[in-house]
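Coordinates in review
What follows is each chain in one-letter form.
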Amino acid sequence: MKTQTRAVVIGGGIAGCSTLYHLTREGWTDVVLVERDEITSGTTWHSAAQVTNFGMTQTMVGLKSHSIRLYKELAEDPEHPITYHHADGGIRLANDPRVMDGYRHFASMAKGMGVDFEVIDAAECARRHPLISTDNLIGGLWDPLDGDIDPAGLCHALLRRARADGAEVYRQTPVTGLTQHRDDSWTVHTPRGDIRTEVIVNACGYRVNELGAMMGVEHPVASMEHQYFITEPFAELQEMDERVPLLRCPISDFYSRQEKKGLLIGFYEQECRTWGMDGIDPAFSSALCPDDVDRVLPVLENVFERMPVLQDVGIKSIVNGPITYTMDGAPLVGPIPGKRNAFCIIGLRAGLGEGGGHGWLLAQQIVHGEAELDTWVIDPRRFGPHANVELTALKAIEDYQNEFRFHFPHEHRPAGRPMRTTPLTAVLAAEGADFGMVDGWERIAYIRPGPDFIETHGYRFKETFDVVADEVRAVHEGVGLTEVNGFTRFEITGGGAADWLDAMTCGRIPRRAGRVGLAYLLNHHGCIKSEATLACLPDGRIWYGAAAAAERHDMDWLTRHMPDDGSVRLRNLTRSHTILLLAGPRARAVLQEVARGDWSAEAFPWLSVREGHIGHAPATIMAVSYSGESAFELHIPNESLAQAWQSLRAAGAARGMRLFGSYAVESMRLEKSYRHWKADLVTEFDPFESGLGRFVDMRKDFLGKAALEARAPQRAFVTLLLEADHAPAQGGASIRVGGDVVGTVTSAGWGHRTGRNIAMGFVRPELAGVGSALSVDVTGAPVAATVTDPCLFDPENLRVRA
Ligand SMILES: Cc1cc2nc3c(=O)[nH]c(=O)nc-3n(C[C@H](O)[C@H](O)[C@H](O)COP(=O)(O)OP(=O)(O)OC[C@H]3O[C@@H](n4cnc5c(N)ncnc54)[C@H](O)[C@@H]3O)c2cc1C
């Protein structure tokens, strides 16, 4: 066994095998995989192994396309072919028009990744799958490339190729300990000897937290028991020349695919069960959980209704095995939060289909620092520290119970809530707030107009349209107040702080105490890594503010690049403070009343910061605006939040102050073309492509500059006006000229001050001129769209300066 290598991948299921193979493809050939038992002895060996192209984001579609291409290539290897039923086709069923809207949107989104889905009606579903009834069915989404693969064959094919390129694989080699050294390299301990390595990868499937414990980490991953049956062969299938397509049924919570001349049917039962929460028997390997037919009988009844032919078909075998889940259903693929040179590819619940793509994106991250697609949707740092196994288990149960029922826009399901609250959450609830969730934080979405008001979720404008219009009007004409909790906030100090931040960001940063500026951080490829509000406080303190979800991501990026001479220090204030946001033409008057001092536009202009008090609550007050109105962020220590709230409510009462929520903020920021991190700002594009050239100063040195200089723009960021009033566009929707996809929507919604349906996104540069006539898919159908000025509302910023 080697004693030294570049990377040790721990775990020989699909996740580990794919990672090892892709590391060799990306140029790291001195790499090792260690497996405690035999290859595929975890979940992989008994997987139903369906491979789909369906995904809810472009990154997921892209990585699944990679899997499909790779698996096809492996299957067609003339010397070592493997079994892959490629392109049997598959249907996701629907009995709800809102789900059909969703399918149309996903088809539009996939089109932008070169993938052709088709939305079909109930009769066409039955024509393509002759065993199903059309009762309680309105249609479905057709994925022509759906299929299934031999899991063991796939893993061995990947390892064979990795070995041919120099990788080594050690079976029967459990990792029993991990030691990290001062230079961030690792020693991997096994009974067969130690291996020193630059990088480790946790690919341990349901044993993820056994390995996590060896490095002092709890990964938010929980396992669920999951069952499928394989039926006896039956005449209807035996008589068919073609294989039947796969089915995924959100109406009745099952899936099926053909297995020889019978069907494999998998169940997502409501009476579901977590697995391994109190530890896993070390001997559980190549093993299954006991059969539990009773648990899935209610689902089976529904399967019989959808496929009546099965009522007379016997069950040949039952498989019940553990499957891993995360808090949002997507796996954790990337750097392990708080660790150096440690990566994971864990929490895969559809790992056979996705594993090829995840291993690809992980290997690119390890070798090049970034993958070619933005990987935020699978980034292990996307959850805050609230993400633990207990909470994940609750979300896993909820997710399992809703396996094929995707979240509608703005839908946040109840399990585990409230997750993260401030001292004001109960106060806001009593004021009628309805909450959305931002990184687990309960954040005001809007104020309910009455106690019986219920928001239904879907892809079209709905009840909240008028509610939001009203909140926007209140802010625009008077003054509004809201809470922005969870905002990432680091205090950066030390003699070297300003120069270091200057080198980390691509534009000029504010250096004078009392000033605030917006700054962009690039990666080594010259593309957008993060967006920060930098505020210069007295005594050389600099506050770094970023999106709530960015806490772990930005902490990781900043500390990774901090000088180690002690000249820069960083303190995390994210969870000790909360923002109260005061906005509207009368906001300054309210501020003047609650805070001592001169808060006039002359004394405290736009982009200023000052420390003071709101009532007697200490506050760091910034004149910054995400709404396009005169606005003030009041950063208050949580212990004083209730006091500040009371003072503001009292002062605002005489000025007609109203509460507002994030839906109103979203409407207003679109009218200003203000970007949203990880919607409009992604690692696939540089600041020039992202329309942020005014925040770049090529005369100075900064991280990513050399790469930025070498880039040729492939895309341009635009704001579009849509000729539709029934629905907003959705992020990911295709922008077209005729039938050709020329770009992708990143954010969209109704602008209530301008009365326009707005979308923002990236298009081919030659189509980005103002007036350019394009179309945008809205609920799947193209509507006319025109490129407009980059700022629709108050382009001179007169209101924010007021
Ligand atoms: C019943 C069922 C049906 C499924 N159907 C599908 C499907 O149709 N399509 C689909 O895409 N997915 C499906 N899945 C999910 C899919 O099978 C899993 O997502 C995938 O197999 C997970 O692979 P993995 O490599 O992450 O984990 P595993 O396959 O569990 O591999 C982890 C490996 O790590 C090894 N290991 C653990 N600890 C150590 C250690 N300390 N040292 C060394 N090695 C260690 C284990 O022995 C194991 O081999 C299904 C799952 C189940 C249970």
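Right, let's walk through the structure included here. Not measured: the values here are computed from a predicted model.

Rules used throughout
Note that residues are indexed from 1 along each chain, following the sequence as it is written. Per-residue local features are limited, in this predicted model, to residues with pLDDT of at least 70; the limit for side-chain atom pairs, both in listing and counting, is 80 or more; totals at the level of whole chains, interfaces and linings are taken over all residues. To obtain the side-chain values, all non-hydrogen atoms of the structure were used and water was disregarded. Helix numbers and strand numbers start at the N terminus; a helix is a DSSP run of H or I with at least 4 residues, a strand a run of E with at least 2. Radius of gyration here is computed from C-alpha atoms only, and the compact-globule reference equals 2.2 Å multiplied by the residue count raised to the power 0.38. Each residue gets one of three labels from its accessible area relative to the maximum for its type: buried under 20%, exposed over 50%, partly exposed in between, using a 1.4 Å probe on protein chains only. Residue contacts are counted whenever heavy atoms from the two residues lie within 4.5 Å of one another. Calculation of accessible area relied on Shrake-Rupley with a 1.4 Å probe; when residues are assessed, cover is drawn exclusively from the protein chains displayed. The charge count treats Lys and Arg as positive and Asp and Glu as negative. His and the chain ends do not count. A charged residue contributes its charge at one atom only: NZ of Lys, CZ of Arg, CG of Asp or CD of Glu. Here, proximity means that at least one heavy atom of the residue falls within 4 Å of the molecule or strand. Polar contact is the term for a pair of N or O atoms within 3.5 Å; when the atoms are in protein, one must be able to donate a hydrogen and the other to accept it, and sequence-neighboring residues count only if both atoms are side-chain atoms. Each residue receives one of three labels: charged for Asp, Glu, Lys and Arg, nonpolar for Ala, Val, Leu, Ile, Met, Phe, Trp, Tyr, Cys and Pro, and polar for the others, Gly being one of them. By salt bridge we mean one thing: a side-chain nitrogen of Lys or Arg within 4 Å of a carboxyl oxygen of Asp or Glu. Only protein atoms enter the calculation, which uses a 1 Å grid: trapped sets of points that fit a 1.4 Å probe without letting it out are cavities, open sets showing protein on both sides within 12 Å along at least five of seven lines are pockets, and any residue with an atom within 4 Å of a point is a lining residue. Grid points are joined across faces, edges and corners, and a volume is the space filled by probe spheres set on the points. Whether two aromatic rings pair depends on their centres lying within 6.5 Å, for rings of Phe, Tyr and Trp, where Trp uses its six-membered ring; planes under 30 degrees apart make the pair stacked, over 60 edge-to-face, and the rest tilted. Any Lys NZ or Arg CZ that is within 6 Å of a ring centre and within 35 degrees of that ring's normal is treated as a charge sitting over the ring. Only strands that DSSP links by at least two bridges are regarded as paired with each other. Given a helix with a known number of residues, its expected span is that number minus one, times 1.5 Å. Grouping buried Ala, Val, Leu, Ile, Met, Phe, Trp, Tyr and Cys residues that are joined through side-chain atoms within 4.5 Å yields what is termed a nonpolar core. Only a pair of cysteine sulfur atoms within 2.5 Å counts as a disulfide in this structure description.

Some details on the overall build of the protein chain
- From N to C terminus, the protein chain includes 19 helices and 39 strands.
- For the protein chain, whose C-alpha radius of gyration is 27 Å, the value lies close to the compact-globule estimate of 28 Å for 802 residues.
- Principal axes of the C-alpha set define a box for the protein chain whose edges measure 85 × 60 × 50 Å.
- The burial tally for the protein chain puts 63% of its 802 residues in the buried class.
- Long-range pairs, those at least 24 residues apart, make up 71% of the contacts in the protein chain with a sequence separation of at least 6.
- Just so you have it, the protein chain exposes about 29,400 Å², and 50% of that area is on carbon and sulfur atoms.
- Looking at charge distribution, the protein chain has the averaged site of its 80 positive side-chain charges lying 5 Å from that of its 104 negative ones.

A closer look at the site of the ligand
- Around the ligand, the structure places 38 residues, and the nearest of them are Glu 35, Thr 44, Gln 50, Leu 348 and Gly 353.
- Between the ligand and Ile 14, the relevant distance is 3.2 Å, taken from an oxygen atom to a main-chain nitrogen or oxygen of the residue.
- Between the ligand and Val 175 there is a distance of 3.0 Å, counted from a nitrogen atom to a backbone nitrogen or oxygen.
- Protein coverage of the free-state accessible area of the ligand, which is 1,000 Å², stands at 96%.
- Contributions of two or more residues to the shell around the ligand are made by helix H1 (14-25), strand S13 (222-231), strand S18 (315-325) and helix H9 (351-368).
- Of the residues in the shell around the ligand, the class split is 17 nonpolar, 16 polar and 5 charged.

Notes on the pattern of salt bridges
- One pass over the structure, following the stated rule, counts 69 salt bridges.
- Residues Lys 260 and Glu 259 are paired through a salt bridge, measuring 3.9 Å at the closest nitrogen-oxygen approach.
- Between Arg 381 and Asp 556 there is a salt bridge, and its shortest N-O distance comes to 2.5 Å. Placement of the pair is Arg 381 in the loop between H9 and helix H10 (389-401) and Asp 556 in helix H14 (residues 551-560), with a sequence separation of 175 residues. With respect to burial, Arg 381 and Asp 556 carry one shared label: buried.
- What you see here is one network of salt bridges that share partners, running through Asp 88, Asp 148, Arg 243, Arg 257, Glu 259 and Lys 260.

With respect to the layout of surface pockets
- Considered as a void within the structure, the second largest pocket measures approximately 410 Å³ in volume.
- Residue lining of the second largest pocket: 20 residues in total, with Phe 343, Gln 365, Gly 369, Trp 557 and Arg 560 positioned closest to the centre.
- Breaking the lining of the second largest pocket down by element, the ones donating at least two residues are strand S12 (193-202), H9 and H14.
- Across the lining of the second largest pocket, the residue classes break down as 6 nonpolar, 8 polar and 6 charged.

Structural notes on empty space enclosed by the protein
- Scanning the entire structure with this criterion turns up 2 cavities of 30 Å³ or more.
- By volume, the largest cavity amounts to about 60 Å³.
- Together, Glu 370, Asp 374, Thr 375, Trp 376, Asp 379, Arg 381, Lys 529, His 553, Lys 678 and Thr 683 line the largest cavity.
- When its residues are assigned to classes, the lining of the largest cavity shows 1 nonpolar, 3 polar and 6 charged.
- The computed volume of the second largest cavity comes to approximately 40 Å³.
- Lining the second largest cavity are Phe 487, Arg 489, Thr 533, Trp 543, Tyr 544, Gly 545, Met 622 and His 635.
- The biggest single contributor to the lining of the second largest cavity is strand S27 (residues 542-546), with 3 residues.
- Classifying every residue of the lining of the second largest cavity gives 4 nonpolar, 3 polar and 1 charged.

A few points about the environment of Met 307
- Relative to the helices and strands, Met 307 resides in the loop between helix H8 (293-306) and S18.
- Residues Met 307 and Pro 130 lie 177 residues apart in sequence; the distance between their C-alpha atoms is 9.2 Å.
- Among all residues touching Met 307, those that are not within four sequence positions of it are His 129, Leu 131, Ile 132, Leu 247, Phe 254, Ser 256 and Leu 263.

Details of the packing of aromatic side chains
- What the rule picks out here adds up to 30 aromatic pairs.
- Geometrically, the ring pair formed by Tyr 255 and Phe 404 is edge-to-face, given 6.5 Å between the ring centres and 85 degrees between the ring planes. On the criterion of sequence distance, the pair formed by Tyr 255 in strand S15 (residues 254-259) and Phe 404 in the loop between H10 and helix H11 (425-430) is long-range, its members being 149 residues apart.
- Since its relative accessible area comes to 4%, Tyr 255 is described here as buried.
- Given a relative accessible area of 13%, Phe 404 falls into the buried group.
- One aromatic cluster in this structure is built from Phe 54, Tyr 103, Phe 106, Phe 117, Phe 406, Phe 408 and Tyr 459.
- Here the basic side chain of Arg 128 rests over the ring of Trp 142, its NZ or CZ set 4.8 Å away from the ring centre.

Considering the pairing of strand S23 (residues 480-484)
- Among the 5 residues in S23, 5 count as buried, and that is most of the element.
- Burial along S23 is two-sided: Gly 480, Thr 482 and Val 484 facing one way and Leu 481 and Glu 483 facing the other are all buried.
- Judged from the 2 bridges that link them, S23 and strand S33 (residues 658-659) form a sheet pairing that is parallel. The residue of S33 that forms the bridge with Leu 481 is Leu 659.
- Pairing between S23 and strand S29 (residues 577-583): 5 bridges, direction antiparallel. Bridge pairing links Gly 480 to Ala 583 in S29.

What about the sheet that holds strand S3 (residues 50-51)?
- Reading across the sheet, the 3 strands line up as S3-S8-S4 and stay open at both edges, with antiparallel pairing between neighbours. At either end of the open sheet lies a strand with only one pairing partner, and these are S3 and strand S4 (84-85).
- Bridging between S3 and strand S8 (residues 147-149) involves 2 bridges; their strand directions are antiparallel. The residue bridging Gln 50 from the neighbouring strand is Asp 148, located in S8.

Regarding helix H2 (residues 58-75)
- Look at H2: 25 Å from first C-alpha to last across 18 residues, which is about the 26 Å you get at 1.5 Å a residue.
- With respect to burial, H2 is a largely interior element, 15 of its 18 residues being buried.

What to know about the nonpolar core
- Counting 48 residues, the largest nonpolar core has Leu 20, Ile 149 and Leu 154 as its most contacted members.
- Elements with a minimum of two residues in this core: strand S1 (4-10), H1, strand S2 (31-34), H2, helix H5 (151-164), S12, strand S20 (342-346) and H9.
- Of all the elements, H2 adds the most residues to this core, at 7 residues.
- With sequence-adjacent residues up to four places away left out, Leu 20 is seen in contact with Val 9, Val 31, Val 32, Leu 33, Leu 159, Ala 162, Ala 167, Glu 168 and Val 169.
- If you look at the next biggest cluster of nonpolar residues, it comprises 32 residues, including Val 479, Ala 587, Phe 604 and Ile 614.

Examining the state of the cysteines
- For the structure shown, the criterion picks out 0 disulfides.
- Cys 17 provides the cysteine sulfur closest to Cys 155, a residue in no disulfide bond, and the two sulfurs are 4.1 Å apart.
- Among the cysteines around Cys 536, which has no disulfide bond, Cys 506 carries the closest sulfur, lying 17 Å off.
- Residue class for Cys 536 comes out buried when judged on its relative accessible area of 5%.

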